[in-house]
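So you can see what is in the structure, the chains are spelled out below.
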Amino acid sequence: MKARLDAIDWKILKELQADGRITNVELARRAGISAPPCLRRMRALEEAGIIQGYRALVDEGALGYDVTAFAMIGLSSQAEADLAAFGARVRNWSIVRECYMLSGEADFILKCVAPTLKAFQAFVEELTAAANVASVRTTLTIRRVKDEPLVPIE
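Residues numbered from 1 in each chain as written. Predicted model: local features only at pLDDT ≥ 70, side-chain atom pairs only at ≥ 80, totals over all residues. Heavy atoms only, no water.

Q: Just checking my understanding: could you explain the overall build of the protein for this structure?
A: From N to C terminus, the protein includes 5 helices and 4 strands. Going from the N terminus to the C terminus, the protein shows its helices and strands as α-α-α-β-α-β-β-α-β. A compact globule built from 154 residues should have a C-alpha radius of gyration of about 15 Å, whereas the protein, at 20 Å, is more than 25% larger. Referenced to the eigenvectors of the C-alpha coordinate spread, the extents of the protein come out at roughly 55 × 40 × 25 Å. Put simply, the protein has 154 residues, and 29% of those count as buried. Long-range pairs, those at least 24 residues apart, make up 61% of the contacts in the protein between residues at least 6 apart in sequence. Accessible surface for the protein amounts to roughly 10800 Å². Of this, 53% is attributable to carbon and sulfur atoms. Distance between charge centres in the protein, computed from 20 positive and 20 negative side chains, equals 5 Å. (Helix = DSSP H or I, 4+ residues; strand = E, 2+ residues; numbered from the N terminus. Rg over C-alpha atoms; globule rule 2.2 N^0.38 Å. Buried < 20%, exposed > 50% of the residue type's maximum accessible area, 1.4 Å probe, protein only. Contact = heavy atoms within 4.5 Å. Areas by Shrake-Rupley, 256 points an atom, 1.4 Å probe, with all protein chains shown as cover. Lys, Arg positive; Asp, Glu negative; His and termini not counted. Charge placed at Lys NZ, Arg CZ, Asp CG, Glu CD.)

This is the structure we're talking about:
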């Protein structure tokens with residue numbers, strides 16, 4: 001069920017997406033309410049699962065992760081148990097930063113971040129040998145054109 005949010009909730013969410021380290025006092029000022037109800041609303045949004053957490057956005061290149069690639073995976077079987085088993089395996093691969101189950105030509109797409117092309121190639125070999133994996137197609141990125149991991153709140 002879609003959450004019922006009022007204009008103040010939307011403003012709080014927009015401000016938190018822009019700056020997750022904003023103080024409650026400043027957030028309340030920007031939302032047009034006082035600090036105690038602002039904090040209550042934030043906690044309610046957290047408890048409802050709308051706010052899932054807070055994290056720092058880190059530049060992977062600055063830390064030596066120079067390769068970003070995508071892998072499209074086709075499985076031999078799409079039985080629910082096999083899909084779940086692949087999903088569990090993906091959660092254990094630290095090189096995989098995002099994973100989506102798809103409809104269409106591939107069953108999954110993985111966003112991978114690796115320090116080197118050699119490290120990514122080693123991962124692809126492991127991936128290709130994994131149980132139930134029928135096909136792996138990879139694409140290396142050239143440059144990031146847009147990086148907007150936020151929900152578009154107008």
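Q: Just checking my understanding: could you explain the nonpolar core for this structure?
A: The tendency in soluble globular proteins is for nonpolar side chains to be buried as a group. With 21 residues, the main nonpolar core has Ile-73, Phe-86, Trp-93, Leu-110, Phe-120 and Phe-123 as its most contacted residues. Sorting the residues of this core by element identifies β1 (67-75), α4 (80-91), β3 (108-114) and α5 (117-129) as the ones contributing at least two each. The element that contributes the greatest number of residues to this core is β1, accounting for 5 residues. In contact with Phe-86, not counting residues within four places along its chain, are Ile-73, Leu-75, Trp-93, Phe-108, Leu-110, Leu-127 and Val-133. (Core = buried A, V, L, I, M, F, W, Y, C linked by side-chain atoms within 4.5 Å.)

Q: What's the story with α4 in this structure? I'm lost.
A: Since the α-helix turns once every 3.6 residues, residues separated by three or four places project in the same direction. Its 12 residues give α4 an end-to-end C-alpha distance of 17 Å, which sits within 8% of 16 Å, the value for a rise of 1.5 Å per residue. All buried positions along α4 are accounted for by Leu-83, Phe-86, Gly-87 and Val-90. Viewed end-on, α4 has its buried residues packed into an arc of 100°, placing them on one side of the element. At its buried positions, α4 is contacted by β1, β2 (96-101), β3, α5 and β4 (133-140). (Expected span 1.5 Å × (residues − 1). Arc of directions from axis to C-beta.)

Q: Mind showing me how you'd approach the pairing of β3 here?
A: The side chains of a regular strand alternate between both faces of the sheet. With respect to burial, β3 is a largely interior element, 5 of its 7 residues being buried. With 5 bridges joining them, β2 and β3 adopt antiparallel strand pairing. Paired with Val-96 across the two strands is Cys-112, which belongs to β3. The loop that links β2 with its antiparallel partner β3 comprises 6 residues; one of these, Gly-104, has a positive phi angle of about 120°. (Pairing = 2+ DSSP bridges.)

Q: I would appreciate a short explanation of the packing of helix α1 (residues 7-18) against helix α3 (residues 35-47) in the present structure.
A: Two quantities define a packed helix pair, namely the angle between the helix axes and the distance between the axes. Packing of α1 against α3 leaves a shortest axis separation of 11 Å and a crossing angle of 80°. By the angle between their directions, the pair α1 and α3 is classed as roughly perpendicular. Facing Ile-8, Asp-9, Ile-12, Leu-13 and Leu-16 of α1, the residues of α3 in contact are Cys-38, Arg-41, Met-42 and Leu-45. Taken together, the residues of the contact of α1 with α3 break down into 7 nonpolar, no polar and 2 charged. (Axes fitted to C-alpha atoms, helices over the stretch in contact; angles between N-to-C directions. Parallel < 35°, antiparallel > 145°, perpendicular 65-115°, else oblique. Nonpolar A, V, L, I, M, F, W, Y, C, P; charged D, E, K, R; others polar.)

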